[in-house]
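Results of the structural survey
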Amino acid sequence: MDKRKPIIALDFPDLVTVQTFLAKFPKNDSLNVKVGMELYYQAGPAIVTYLVEAGHQVFLDLKLHDIPNTVGRAMEGLARLGVAMTNLHGAGGKEMMKAAVAGLQKGTPLGQTPPLLIAVTQLTSTSEQSMQEEQLITTSLEESVAHYGKLAQECGLDGVVCSAKEVSVIKASTSSDFLCVTPGIRPKKGELGDQKRVMTPLEAKQIGSDFIVVGRPITQAVDPYKAYQEILAEWNGEIK
Ligand SMILES: O=c1ccn([C@@H]2O[C@H](COP(=O)(O)O)[C@@H](O)[C@H]2O)c(=O)[nH]1
């Protein structure tokens, strides 16, 4: 995946809506796109194959969280789809994460590299208060995120999903090459929606995010391609 390009969250219900959206971008532009639950559960693996064959780099964001055997076998299947990155919930634990790594390796066709595997730490829609009250976690949110980062690295994962606000703490508790994939990205004065821990593309760049994930600020914009270009420019430090 090209780190200079934002990952566009294709949170749409079907192939036709995806095609209509992508038609607003120049033909032959290879994009970083994210397929999440909304699209995958309605359009199935065929949507992933469609995007891969169209030349896009796909982050398959299904956030697996189940017993180790189930997650390992599911990852084995997902590895055959040709995605560049996929993920699970770090809260599933070490045995589950190790099974996922093994499953991806087993399922990846000979001669190909397994997708990057990253662990969700605390969702960017979670505040410290809700984490403490609803998950009964008594540490700070930063400590919880750092903890999941360390576990994920111990299990052989490539990085985490976190807010850009936690990039420094993740890098300090793991290593500088441990990937921080950061959703919860909003342009200055952009609508937050359900996101709680947000940063602008420029702030995320300055703090060291490896990848930014952007959905509604692009997909719901009046001119999605223009919105994408503005975010791309900011992410690449061209707008200060
Ligand atoms: O902690 C997380 C993990 C995943 N996401 C996903 O990223 C996009 C963000 O969309 P926006 O419209 O830019 O808010 C969405 O697909 C989420 O499922 C996240 O936001 N936070």
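In the annotation of an unreviewed UniProt entry, the protein is listed under the name Orotidine 5'-phosphate decarboxylase and assigned to Vagococcus humatus. Entered under Sequence similarities (unreviewed entry) in the UniProt record, the comment concerning the protein runs "Belongs to the OMP decarboxylase family. Type 1 subfamily."

With that out of the way, let us pick up the environment of proline 187. Among the structural elements, proline 187 can be located in the loop between strand 7 (179-182) and helix 9 (201-207). Under the C-beta neighbour-count criterion, proline 187 is labelled partly exposed, with 17 such atoms within 10 Å. Setting aside chain neighbours within four positions, we find proline 187 in contact with Thr200, Pro217 and Ile231.

With parallel pairing, eight strands are arranged side by side around a closed barrel as 1-2-3-4-5-6-7-8. Taken pair by pair, the neighbouring strands of this sheet meet at an average axis angle of 25 degrees, ignoring direction. Of the pairings in the sheet, the one linking strand 3 (residues 57-64) to strand 4 (residues 85-89) comprises three bridges and is parallel in character. Bridge pairing links leucine 64 to leucine 88 in strand 4.

Once that is clear, we can look at the site of the ligand. Taken together, 16 residues lie near the ligand, and Ala9, Thr124, Pro183, Gly215 and Arg216 sit nearest. Secondary-structure elements contributing two or more residues to the shell around the ligand are strand 8 (211-214) and helix 10 (216-219). In terms of residue class, the shell around the ligand is made up of eight nonpolar, six polar and two charged.

Conventions adopted
Residues numbered from 1 in each chain as written. Predicted model: local features only at pLDDT ≥ 70, side-chain atom pairs only at ≥ 80, totals over all residues. UniProt positions renumbered as here; feature names shortened; annotations may be inferred. Helix = DSSP H or I, 4+ residues; strand = E, 2+ residues; numbered from the N terminus. Buried ≥ 20, exposed ≤ 12 C-beta atoms within 10 Å, placed from the backbone. Contact = placed C-beta atoms within 7 Å. Pairing = 2+ DSSP bridges. Axes fitted to C-alpha atoms, helices over the stretch in contact; angles between N-to-C directions. Near = placed C-beta within 6 Å. Nonpolar A, V, L, I, M, F, W, Y, C, P; charged D, E, K, R; others polar.

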